[in-house]
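One-letter residues, chain by chain:
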Amino acid sequence: MLVLVAPGQGAQTPGFLTPWLELPGAADRVAAWSDAIQLDLAHYGTKADADEIRDTAVAQPLLVAAGLLSAAALGDIAPGAVAGHSVGEITAAAFAGVIDETTALRLVRTRGLAMAEAAAVTETGMSALLGGDPDVSIAHLEKLGLTPANVNGAGQIVAAGTLEQLAALAEDKPEGVRRVVPLKVAGAFHTHHMASAVTTLEKAAADIAPADPAVPYVSNKDGRTVASGADVIARLVGQVANPVRWDLCMETFTELGATALLEVCPGGTLTGLAKRALPGVRTVALKTPDDLEAARTLLASTGAADAAGPAGTV
C-alpha cells in the first residue's frame, strides 16, 4: 500500500519550481492558480531568493502549488492513504478530493497571510532538535517556555517560541540532543502565537463545502484517519495553533499496512523521516521531474498507478 504525502514549510528552496514549469501544460496551470489567488507563483518559484520565499504568505501557496503540480505529472493515481505535514495537509486534502485545487490554493493563501500577520506581532521562530529522548526534550522545552510544535518521530522535535527562548535553547540543549537547527520559517507556527490566524481561517472555511475523503486521510492532530470532509476542514483550521504529530501519522501508516511512501515536490524531508522511522517502507521523493520515473515505478509496484496517464504531463 502506498501513502502519498506532502511536505510543510521550510522545504522550499530558490528556483525549485523551474524544471516543473517546463512540463507540458504546467505553466498554464500555475498561471491560472496565480490569477485565482493574486500571487505570481511562477515568479516566486523560479526567480525569488531565499528571503522572499521564506515569507509565510508566499511560501505556503508555493508549496501547495508545487505539490499539486508534481502529483499531476504522474497522472491519475490511487494511493492507499494521504497525509501532509502542516501546510501540506491542505495539499493532502486536495489529493483526497475533500476540496478542489483552486479552493486549496485560496485556502492556503488566506492561511499564509493570516499566519504572517500573527507572526508579525512578536518575533518568533522554530528550531529542530536532532537526537535525544522525546520525553526529556519536551520537558526541557516546557521549562524554557517553548512549545514542541512538531513531534516528527525518528528522533526529531521542532521547538517554537520567541527568538529569545530559541536562543536560550541553542545555549542550553536538552540532554542527548546533538544539534539545534533554526528552520527557514518566519514564526512560531502551531502554537498559541497563531490564535488570530485560527479566527481568520474559521471565517474563510465557512464558505467551503467539502466532500468526504475518497481515500483515508491521516490527520496531523492525532494521527487518526478522518472520514468526514467537514472534520478535515475543522482540523485544517485548528492545526495552525496546535502541534503537528507526524510521529503518530507514521504509526498510522504502519497500521494501515504501508509498504511505500511517495513525497511530492519539494520532497526529501518526509522521506528522510520515513527512512529512519519506517524500516522496510520504500520511499521516493519528487524533487525534480527527473524523479518521475522512479515514482511511477513505485506506484506501479503497489498498484497505485493503474489509471495513471503518461509521465511528464500535467
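Every chain is numbered on its own, with residues counted from 1 as its sequence reads. Two thresholds apply to this predicted model, a pLDDT of at least 70 for residue-level local features and 80 or more for giving and counting side-chain atom pairs, whereas whole-chain, interface and lining totals are computed over all residues. Side-chain metrics in this entry use all non-hydrogen atoms of the structure; hydrogen atoms and water are not considered.

Colleague: Pulling in residues and values, what's your account of helix α1 (residues 26–37)?
Modeller: Note on conventions: DSSP H or I runs of at least 4 residues are helices, E runs of at least 2 residues are strands, and numbering of each starts at the N terminus. Expected span of a helix, by definition, is 1.5 Å for each gap between consecutive residues, and there is one gap fewer than residues. Look at α1: 17 Å from first C-alpha to last across 12 residues, which is about the 16 Å you get at 1.5 Å a residue. Residue exposure (1.4 Å probe, protein chains only): buried if accessible area is under 20% of the type maximum, exposed if over 50%, otherwise partly exposed. Every buried residue belonging to α1 is among A26, V30, W33, S34 and I37, and all of these are buried. The arc that holds every buried residue of α1, seen down its axis, measures 105°, which confines them to one face. Away from its buried face by more than 90 degrees, α1 exposes D28 and D35. One or two residues past the end of α1 sits Q38, with phi positive at roughly 55°. Directions from the helix axis toward the C-beta atoms define the arc.

Colleague: Help me get a handle on the pairing of strand β1 (residues 2–6), residues and values and all.
Modeller: Counting buried positions along β1 gives five out of five residues, so the element sits mostly inside the fold. Here β1 shows no split at all, with L2, L4 and A6 on one side and V3 and V5 on the other all buried. Here, strands pair whenever DSSP counts at least two bridges between them. In terms of strand pairing, β1 meets strand β9 (residues 260–263) through four bridges, oriented parallel. Opposite V3, over in β9, you have L261 as the bridge partner.

Colleague: Could you give an account of the pattern of salt bridges, with specific residues and numbers?
Modeller: For salt bridges, the criterion is a side-chain nitrogen of Lys or Arg within 4 Å of an Asp or Glu carboxyl oxygen. On inspection of all chains with the given rule, the structure shows five salt bridges. Salt bridges linked by common partners bring D222, R224, D231 and R235 together as one network.

Colleague: Talk me through the nonpolar core; I want residue IDs and the actual numbers.
Modeller: A general tendency of soluble globular proteins is for nonpolar side chains to be buried together. The nonpolar core is taken to be a set of buried Ala, Val, Leu, Ile, Met, Phe, Trp, Tyr and Cys residues, with the residues joined through side-chain atoms within 4.5 Å. One finds W20, L41, L105, Y217 and L262 to be the most contacted residues of the largest nonpolar core, which totals 81 residues. For this core, the element with the most residues is helix α4 (residues 56–72), which contributes nine residues. Contacts are residue-level and defined by heavy atoms, with any inter-residue pair within 4.5 Å sufficient. Non-local contacts of Y217, meaning those with residues more than four positions away in its chain, are made with V82, E89, A92, A93, A96, R224, T225, V226, V232 and L236. Counting 17 residues, the second-largest nonpolar core is a separate cluster that includes V218, V244, L270 and A274.

Colleague: How would you summarise the pairing of strand β4 (residues 147–153) if you had to cite specific residues and measurements?
Modeller: Counting buried residues in β4 gives seven out of seven residues, a clear majority hidden from the surface. Where β4 meets strand β5 (residues 156–162), five bridges bridge the pair, whose relative direction is antiparallel. In the strand pairing of β5, V151 is matched with I157. With antiparallel pairing between neighbouring strands as the criterion, β4 and β5 make up a hairpin whose turn holds two residues, including A154 at a positive phi of roughly 55°.

Colleague: Summarise helix α9 (residues 195–205); cite the residues concerned and give the values.
Modeller: What α9 keeps buried is the set A197, V198, L201 and A205. Each buried residue of α9 sits inside an arc of 100° when the element is viewed along its axis, so together they form one side. Buried residues along α9 sit against α6 (101–119) and α10 (229–238).

Colleague: Can you lay out the packing of aromatic side chains for me, pointing to particular residues and giving the numbers?
Modeller: Two aromatic rings are characterised by how far apart their centres lie and by the angle between their planes. Within 6.5 Å between ring centres, the rings of Phe, Tyr and Trp (the latter by its six-membered ring) count as paired, and their orientation is classed by plane angle as stacked under 30 degrees, edge-to-face over 60, tilted in between. One pass over the full model with this rule turns up one aromatic pair. On the basis of an interplanar angle of 80° and a centroid distance of 5.7 Å, the ring pair of W246 and F253 is categorised as edge-to-face. Among the residues examined, W246 registers a relative accessible area of 0% and is labelled buried. By relative accessible area, which is 0% here, F253 ends up buried.

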